Amino acid sequence: MSDATRKPRAIIHVDMDAFYASVEVMDNPALAGKPVIVGGTPETRGVVAAASYEARKYGVHSAMSSHRAHKLCPHGVFILPRMSRYVEISREIRHIFEAFTPLIEPISIDEAFLDVTASQALFGSAPDIGRAIKRRIRDEIGLVASIGVAPNKFLAKLASDLEKPDGFVVITQEEAEARLAPLPVSRLWGVGKKTEAGLTAAGIHTIGDVVRADHARLERLVGSYAPHMQELARGLDDRDVVPDAEAKSIGAENTFPRDIGDAQALRAELDLLSERVAERARDERMVGHTVNLKARYADFTTVTRAITLPAPTAESVVIRGAARLLLEGRLEREGRALRLLGVSLSNLSHADEASGDLFDTPRTTRNRTLDNVMDGLRRRFGAGAVRRGTKHD
């Protein structure tokens, strides 16, 4: 059912401003006004997970190498991530959402969609609910959120981004097309740098240009995505808010015929499981923020470990690397044999709703290209026909 015929909805998108960095400043007020950079240290090969707006003025952004960030902002305050603290605050924010609606779809640890269509009978209009949520987050937790209110998910997410930080924007269906028209085509979901370059080379620079484009021509440029792209360009999006309880994780596990204690053999099994999880995530157009390891010993003792990544992913290389870190660096197996090994990806969101700026580094572009090639070969020749090597990981 399209937005043009279905009952009008009220969707709110909540995006916490510079979340990790803001939590650090909240916990240490001496950092207020300073360029705070959360991530690896400049001396390591780490990356920036988040940057305060003071640091962003110097060009520092998420997914940038910490070494590069230090060059741009040498006086920046580098802080290692405290994921457990960020998860704790995220849960507190979730409790505020739950006071208004059970229909909550987290996109990542610091943003979520809320369907408040039915909630309006109890709490007033969607803008009133949005203002109440924003006020409670500030008063009860001490953080700033940007809020977008609209009749669908695409418009709500766009609205929350238009006046960051501390933004509050309402877009109605009636004004949507006119509001979208002058914006760059990169604002549309699914338009990354490569697609944007192809569109602008063809003279399609703005969302209004997409609306006016001949459908056949647009299809030659973006393939089967063309109809959906033009719907979004008109401000139409019929996707439902899907509560996260409906899609908790994507996983794979294997119980071995004989217990395995050899480290290389376990790594090989782990890599196969990681690949299966990554392939399934891409098939379902999902990305995840957290990689989980499940290990069962010969005496049936089961241990789990997890790592939350700075950016959601479905890349085989990233999932495999995180799983290896958990197995070889955090499990503390001490040579004990395992009878079962499992890998899963959780804290899921839809791939085309995740923040695009986290996916456009040369390394991630290379990883995605390789994933696409491997997925194509897998579909053509079968799931077990092709496996990638790991020599250069």
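Everything below is about the structure shown above.
Residues numbered from 1 in each chain as written. Predicted model: local features only at pLDDT ≥ 70, side-chain atom pairs only at ≥ 80, totals over all residues. Heavy atoms only, no water.

A closer look at the sheet that holds strand 8 (residues 168-170)
- The strand order 5-6-1-7-8 describes an open sheet built from 5 strands, whose pairing is mixed. The strands lining the two open edges of the sheet, one partner per strand, are strand 5 (104-108) and strand 8. Going across the sheet, the axis of each strand differs from the next one's by a mean of 15 degrees, ignoring polarity.
- Pairing analysis gives 3 bridges linking strand 7 (residues 145-150) to strand 8, with the strands arranged parallel. From the neighbouring strand, Ile 147 faces strand 8, where its bridge partner is Phe 168.
- Relative to the sheet, helix 6 (residues 126-141) contacts strand 1 (11-16), strand 6 (111-115), strand 7 and strand 8, its axis offset from that of strand 7 by approximately 170 degrees. (Pairing = 2+ DSSP bridges. Helix = DSSP H or I, 4+ residues; strand = E, 2+ residues; numbered from the N terminus. Axes fitted to C-alpha atoms, helices over the stretch in contact; angles between N-to-C directions. Contact = heavy atoms within 4.5 Å.)

Quick look at the pattern of salt bridges
- Summed over the entire model, instances satisfying the criterion amount to 23 salt bridges.
- Of the charged contacts, one joins Asp 166 and Lys 134 as a salt bridge, the two residues approaching to 2.7 Å between their closest N and O atoms. Of this pair, Asp 166 sits in the loop between helix 7 (153-162) and strand 8 while Lys 134 sits in helix 6, and the two are 32 residues apart along the sequence.
- For Asp 166, a relative accessible area of 37% translates into the label partly exposed.
- Here Arg 212 ties to Asp 209 by a salt bridge, and the two come within 2.8 Å at their closest N and O atoms. Note that Arg 212 and Asp 209 are positioned in helix 10 (residues 207-212) at a spacing of 3 residues, about one turn of the helix. (Salt bridge = Lys/Arg side-chain N within 4 Å of Asp/Glu carboxyl O. Buried < 20%, exposed > 50% of the residue type's maximum accessible area, 1.4 Å probe, protein only.)

Points about the sheet that holds strand 4 (residues 77-79)
- If you trace the 3 strands from one edge of the open sheet to the other, you get 3-2-4, paired in mixed fashion. The strands lining the two open edges of the sheet, one partner per strand, are strand 3 (48-51) and strand 4. Strand after strand, the sheet turns through a mean of 25 degrees between neighbouring axes, direction not considered.
- Sheet topology places strand 2 (residues 36-39) next to strand 4; 3 bridges connect them, and they run parallel. When the bridges of strand 4 are listed, Val 36 appears paired with Val 77.

Thoughts on the side chain of Glu 275
- Looking at the secondary structure, you find Glu 275 in helix 13 (residues 263-283).
- Here Ser 316 takes part through its side chain, which lies 3.4 Å from a polar atom of the side chain of Glu 275. (Polar contact = N/O pair within 3.5 Å; in protein donor to acceptor, adjacent residues only side chain to side chain.)

Concerning the nonpolar core
- In terms of nonpolar packing, the biggest core is built from 37 residues, with Val 14, Phe 19, Ile 133 and Ile 137 touching the most fellow members.
- When contributions to this core are tallied by element, the ones reaching two or more residues are strand 1, helix 1 (19-27), strand 2, strand 3, helix 4 (83-98), strand 6, helix 6 and strand 7.
- Look past the residues within four positions of Ile 133 in its chain and what remains in contact with it is Ile 12, Val 14, Ile 96, Phe 97, Phe 100, Leu 114 and Ile 147.
- One finds Leu 155, Val 185, Ala 226 and Ala 233 within the second-largest nonpolar core, a separate group that totals 32 residues. (Core = buried A, V, L, I, M, F, W, Y, C linked by side-chain atoms within 4.5 Å.)

Comments concerning unusual backbone geometry
- Going from Lys 164 to Pro 165, the amide bond is cis rather than trans, its omega being -5 degrees.
- You can see Pro 165 is positioned in the loop between helix 7 and strand 8.
- Even without a glycine there, the phi angle at Asn 347 is positive, about 55 degrees.
- Classification of Asn 347 as partly exposed rests on a relative accessible area of 25%.

Thoughts on the side chain of Asn 292
- With respect to the secondary-structure elements, Asn 292 resides in strand 10 (residues 286-297).
- Contacts of Asn 292, omitting those with residues within four sequence positions, involve Arg 305, Ala 306, Leu 326, Gly 342, Val 343, Ser 344, Leu 345 and Ser 346.

Here we look at the pairing of strand 11 (residues 302-313)
- Pairing of strand 10 with strand 11, which is carried by 8 bridges, proceeds in the antiparallel orientation. From the neighbouring strand, Val 291 faces strand 11, where its bridge partner is Ile 307.
- The turn linking strand 10 back onto strand 11 is made up of 4 residues, and Phe 300 within it adopts a positive phi angle of 75 degrees.

Section: the environment of Ala 10
- Looking at the secondary structure, you find Ala 10 in the segment before strand 1.
- Residues Ala 10 and Thr 117, 107 residues apart in the sequence, show an inter-C-alpha distance of 4.6 Å.

Any functional reading would require information beyond the geometric quantities listed.
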